[in-house]
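In case you want the letters, here they are:
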Amino acid sequence: MKRLNNYIIKEGIKKTSKIRDNIKFIIWQRPEKKIKWLENNDKYQKIEYKYEDVDKMIFIQFLLGYVKEDKTWKMWIGKIGAASYDDDPYCKLDTEKFSEAILTACDKIEEFIEKVNKDPLNYIQFYKSNPADSGGGDEGSGEDSGGDEGGGGDLL
């Protein structure tokens, strides 16, 4: 008897990378309240993914946000604890749908991390190389508390 995966056509299917497999966005509805998904671009405080590679000492925060004026999702990149919706976005994702924004953001994150790994000194402004750095605040400032890092607030 043949196994099910023998019947699956594998041509044209992009194999996922280790980087992409580990991308998990956290959606903060308000401080200390995480939700699993947004419906109709609901209000949220912050949507983030933190990439941490302790061996290479690379720590990057990615923020995802919907900008009503532009009617599109955008992505911000910065040091963990210092990335802010108030900064200029890294890229525009050209979609109004949250589900499409997540997929596109995963593609952009994967590309960005590959660039950083190939040429880390060229991208040093986007990440901190010391996990003890607090990103501009006091040590132990609670950057994982779910608070809005940078005052982005509700973008909706």
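These numbers come from a predicted model, not from an experiment. (Residues numbered from 1 in each chain as written. Predicted model: local features only at pLDDT ≥ 70, side-chain atom pairs only at ≥ 80, totals over all residues. Heavy atoms only, no water.)

A. Geometry of the overall build of the protein. Of the regular secondary structure elements, the protein holds two helices and six strands. Reading the helices (α) and strands (β) of the protein from amino to carboxyl end gives α-β-β-β-β-β-β-α. Within the protein, the proportion of its 156 residues that are buried is 39%. Looking at the protein as shown, the accessible area adds up to about 9,900 Å², and 47% of this sits on carbon and sulfur atoms. (Helix = DSSP H or I, 4+ residues; strand = E, 2+ residues; numbered from the N terminus. Buried < 20%, exposed > 50% of the residue type's maximum accessible area, 1.4 Å probe, protein only. Areas by Shrake-Rupley, 256 points an atom, 1.4 Å probe, with all protein chains shown as cover.)

B. Broad picture of the packing of aromatic side chains. In total, this model carries ten aromatic pairs according to the counting rule given. Here Tyr49 and Phe62 contribute two aromatic rings whose centre-to-centre distance is 5.9 Å and whose plane-to-plane angle is 20°, an arrangement assigned as stacked. In this pair, Tyr49 sits in strand β3 (residues 46-53) while Phe62 sits in strand β4 (residues 58-67), placing the two residues 13 residues apart along the sequence. The pair formed by Tyr49 and Phe62 is uniform in burial state, with each residue classed as buried. (Phe/Tyr/Trp six-rings, centres within 6.5 Å; stacked < 30°, edge-to-face > 60°.)

C. Here's a closer look at the pattern of salt bridges. All told, the structure shown has five salt bridges when counted by the stated rule. Ionic pairing is found between Glu110 and Arg20, a salt bridge with its closest N-O pair at 3.9 Å. Taken together, the residues span a long stretch of sequence, with Glu110 in helix α2 (residues 98-118) and Arg20 in helix α1 (residues 18-21) at a distance of 90 residues. We classify Glu110 as buried; its relative accessible area is 8%. Note that Glu48 and Lys46 form a salt bridge whose closest N and O atoms lie 3.7 Å from each other. The exposure class of Glu48 is buried, given its relative accessible area of 3%. (Salt bridge = Lys/Arg side-chain N within 4 Å of Asp/Glu carboxyl O.)

D. Local environment of the nonpolar core. Phe25, Ile47, Ile60, Phe62, Leu64 and Trp73 are the most contacted members of the largest nonpolar core, which has 36 residues in total. Looking at this core, the elements with two or more residues in it are β3, β4, β5 (72-79) and α2. In terms of residue count, the dominant contributor to this core is α2 (nine residues). (Core = buried A, V, L, I, M, F, W, Y, C linked by side-chain atoms within 4.5 Å.)

E. Local environment of the sheet that holds β3. Reading across from one edge, β2-β1-β3-β4-β5-β6 is the order of the six strands in this open sheet, with antiparallel pairing throughout. Two strands bound the open sheet, and with one partner strand each, they are β2 (33-35) and β6 (91-92). Two elements, β4 and β5, share eight bridges in a ladder whose sense is antiparallel. Across the sheet, the residue bridging to Leu64 is Met75, located in β5. Sheet contacts for α2: β1 (26-30), β3, β4, β5 and β6; angle to β4, the most-contacted strand, approximately 150°. (Pairing = 2+ DSSP bridges. Contact = heavy atoms within 4.5 Å. Axes fitted to C-alpha atoms, helices over the stretch in contact; angles between N-to-C directions.)

F. Focus on the layout of surface pockets. Within this model, the largest pocket holds a volume of roughly 160 Å³. In this structure, the largest pocket is lined by Lys18, Ile19, Asn22, Tyr49, Tyr51, Glu52, Asp53, Lys56 and Asn117. Elements with a contribution of two residues or more to the lining of the largest pocket: α1 and β3. Per-element tally for the lining of the largest pocket: the top contributor is β3, with four residues. Each residue belonging to the lining of the largest pocket can be placed in one class, and the counts come to three nonpolar, two polar and four charged. (1 Å grid on protein atoms, 1.4 Å probe; cavity = no way out; pocket = protein on both sides within 12 Å on 5 of 7 lines; lining within 4 Å. Points joined across faces, edges and corners; volume = space filled by probe spheres on them. Nonpolar A, V, L, I, M, F, W, Y, C, P; charged D, E, K, R; others polar.)

G. Seen up close, the pairing of β5. Extensive coverage of β5 is indicated by the burial of seven of its eight residues. Where β4 folds back onto β5 in an antiparallel hairpin, the turn is made up of four residues, including Lys71, whose phi is positive at roughly 55°. As paired elements, β5 and β6 share two bridges and run antiparallel to each other. Residue pairing in the sheet places Met75 in a bridge with Cys91 of β6.

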